[in-house]
Amino acid sequence: MAEPLPPLSLYIHTPWCVRKCPYCDFNSHEPSSRELPEAAYLNALLNDLDGDLHLASGREIQTIFIGGGTPSLLSPNFYDQLFKEIRLRLPFSSAIEITLEANPGTTEQQRFVGYREAGINRLSLGVQSFRPEQLSALGRIHSGQEAVNAVRQAREAGFDNLNIDLMHGLPKQTPAQAMEDIDQALALEPEHLSWYQLTLEPNTAFFSHPPVLPEEEALWDIQEAGHQRLEQAGLRRYEISAYAQPGQQSRHNINYWQFGDYLGIGAGAHGKLTTVDSQGKRHIERRWKTRQPEAYLRRSNDPRGFVAGKQPIATQELPLEFAMNALRLTDGVTMEVWAAHTGLPHSVLLARLQSAYEKGLLMEMPEKLRASPQGLLFLNELLTLISDE
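Residues numbered from 1 in each chain as written. Predicted model: local features only at pLDDT ≥ 70, side-chain atom pairs only at ≥ 80, totals over all residues. Heavy atoms only, no water.

Novice: What is the right way to read a nonpolar patch on the surface from this model?
Specialist: On the surface, Trp220, Leu377 and Phe378 cluster together into a nonpolar patch covering about 300 Å² of accessible area. Classification of phenylalanine 378 as partly exposed rests on a relative accessible area of 36%. (Patch = residues over 30% accessible without salt bridge, like charges linked within 9 Å, V, L, I, M, F, W, Y side chains within 5 Å. Areas by Shrake-Rupley, 256 points an atom, 1.4 Å probe, with all protein chains shown as cover. Salt bridge = Lys/Arg side-chain N within 4 Å of Asp/Glu carboxyl O. Buried < 20%, exposed > 50% of the residue type's maximum accessible area, 1.4 Å probe, protein only.)

Novice: Please clarify how helix α8 (residues 216–232) should be interpreted in this entry.
Specialist: With 17 residues, α8 ought to run about 24 Å at 1.5 Å a step, and its terminal C-alpha atoms sit 24 Å apart, in line with that. Taken together, the buried positions of α8 are occupied by Ala218, Leu219, Ile222, Gly226 and Leu230. The buried residues of α8 occupy one face: seen down the axis, they fall within an arc of 95 degrees. With respect to the buried face of α8, the exposed residues turned more than 90 degrees away are Glu216, Glu217, Glu224 and Gln232. Once α8 ends, the next one or two residues include glycine 234, with phi positive near 95 degrees. (Helix = DSSP H or I, 4+ residues; strand = E, 2+ residues; numbered from the N terminus. Expected span 1.5 Å × (residues − 1). Arc of directions from axis to C-beta.)

Novice: Which parts of the structure should I look at to understand the packing of aromatic side chains?
Specialist: In this description, an aromatic ring pair is defined by two values, namely the gap between the centres and the angle between the planes. Enumeration according to the criterion identifies 12 aromatic pairs in this entry. Judged by centre distance (6.4 Å) and plane angle (70 degrees), the ring pair of tyrosine 256 and tryptophan 257 falls under edge-to-face. An identical accessibility class is assigned to tyrosine 256 and tryptophan 257; each is buried. When the ring of phenylalanine 259 is compared with that of phenylalanine 322, the centres are 5.7 Å apart and the planes differ by 80 degrees; the resulting orientation is edge-to-face. With phenylalanine 259 in the loop between α9 (251–257) and β9 (261–265) and phenylalanine 322 in helix α11 (residues 318–326), this residue pair connects regions lying 63 residues apart in the sequence. Comparing phenylalanine 259 with phenylalanine 322 shows no difference in burial state: the two are buried. For arginine 116, the ring lying beneath its charged end belongs to phenylalanine 159, and the centroid distance is 5.8 Å. A cation over a ring is seen here: lysine 272 above phenylalanine 259, with NZ or CZ 3.9 Å from the ring centre. (Phe/Tyr/Trp six-rings, centres within 6.5 Å; stacked < 30°, edge-to-face > 60°. Lys NZ or Arg CZ within 6 Å of the ring centre and 35° of its normal.)

Novice: Can you help me understand the pattern of salt bridges in this one?
Specialist: Opposite charge on two side chains permits pairing when their charged atoms draw close. Under the counting rule described, the total for this entry stands at 17 salt bridges. Residue glutamate 156 pairs with arginine 152 through a salt bridge whose shortest N-O separation is 3.5 Å. Within this pair, glutamate 156 and its partner arginine 152 are both found in helix α5 (residues 144–156), separated by 4 residues, close to a single helical turn. The class for glutamate 156 is exposed, based on a relative accessible area of 53%. Overall, arginine 152 belongs to the partly exposed group, its relative accessible area being 41%. Ionic pairing is found between glutamate 285 and arginine 287, a salt bridge with its closest N-O pair at 3.1 Å. Using a relative accessible area of 23% as the deciding quantity, one classes glutamate 285 as partly exposed. Take arginine 287: its relative accessible area is 6%, and that puts it in the buried class. Residues joined in a network through salt bridges with shared partners are Asp48, Asp52, Glu285, Arg287 and Lys289.

Novice: I'm lost on a negative patch on the surface in this one. Help?
Specialist: Together, Glu215, Glu216, Glu217, Asp221 and Glu224 line one region of the surface with negative charge. For glutamate 224, the position within the fold is in helix α8. (Lys, Arg positive; Asp, Glu negative; His and termini not counted. Charge placed at Lys NZ, Arg CZ, Asp CG, Glu CD.)

Novice: Whenever I open this one, the nonpolar core confuses me. Can you help?
Specialist: It is characteristic of soluble globular proteins that their nonpolar side chains tend to be buried jointly. Core analysis: the biggest nonpolar cluster contains 63 residues, and Ile64 and Tyr79 have the highest contact counts within it. No other element matches the 6 residues that helix α1 (residues 38–52) contributes to this core. Sequence-distant contacts of tyrosine 79, defined by excluding residues within four places in its chain, comprise Thr14, Ile66, Pro71, Leu74, Leu100, Tyr115, Ala118 and Ile120. Counting residues in hydrophobic clusters, the runner-up holds 37 residues, among them Tyr238, Leu327, Tyr357 and Leu383. (Core = buried A, V, L, I, M, F, W, Y, C linked by side-chain atoms within 4.5 Å. Contact = heavy atoms within 4.5 Å.)

On their own, these measurements won't tell you what the molecule is for.
Structure representation (structure tokens):
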């Protein structure tokens, strides 16, 4: 009997932001005018979705994530109309999780109320730091107090599922300052906290003109102390850079890490879809959309014109593709998830893992694919072993 198709999510990209941060390598652009083209972008998103509807294969949407850029630059009415139109095209799970990324510098009370009324039930606030010197170095447009106010406003608007994005290893940051940021975030009692190290990515201002970052020893001290503090506060690490209260893990991100499917609409959005041909054979494909906002909007009259590229995942590449995602989860994934999400027998994956087991980078649990504590620290080495088999 054929394995069912994996769960389906939807990613929606908003490409605009007030100011491009020097560390950001995402597809974000400062708008050419003060007024965003909301009506035109809404129309383009729906046409984009229409071109991908056949890839849903009748599945319900389990989660939606609206990322950017700065999605909170768009009005609550925009999202209300968008979700109403999407529901006419695709069934939503009765327990759907809908996340909006928001910048504390672009929000106010009534916007939060409007987002909640539109159906958004999870908020992700891009705080990054509460300290003025670090916020200035990162090019952020909000203050630490504005971040605190944004959390309060979100709570008053009815959001009971809140993530705070926090970075560490910031320019000239000391371990003590990094812990102060964590303590301030914990005082706000978020259900979820994404805590990740600043990296210098190509095609960013920081890559061209690197700031002074903490020494390697200080970075290790920050990671060790921060992990302990978060765990002691009841936020359990479930993914390399994600911590959550019990039952509050990001379901959308878990679908990514478990190699689930997701439609991607919007300028530069990526998707990963599984289809089954008439002979019952599975085909898994990554696809991405036109990146520049102006070019994306020009394609709005041709639903098929949004796709900028497609890349099928060959059968021999599936073990590495799957492991690159699944091994980020601290609990790993069961072999049943492997079979359900790839359509391949366990033996195909197990043959790739032997040397990693022998080096102590994987837990010896045949029923699960799970990195050891050492494997989480040296994930790239672990993935290299899998790719070299």
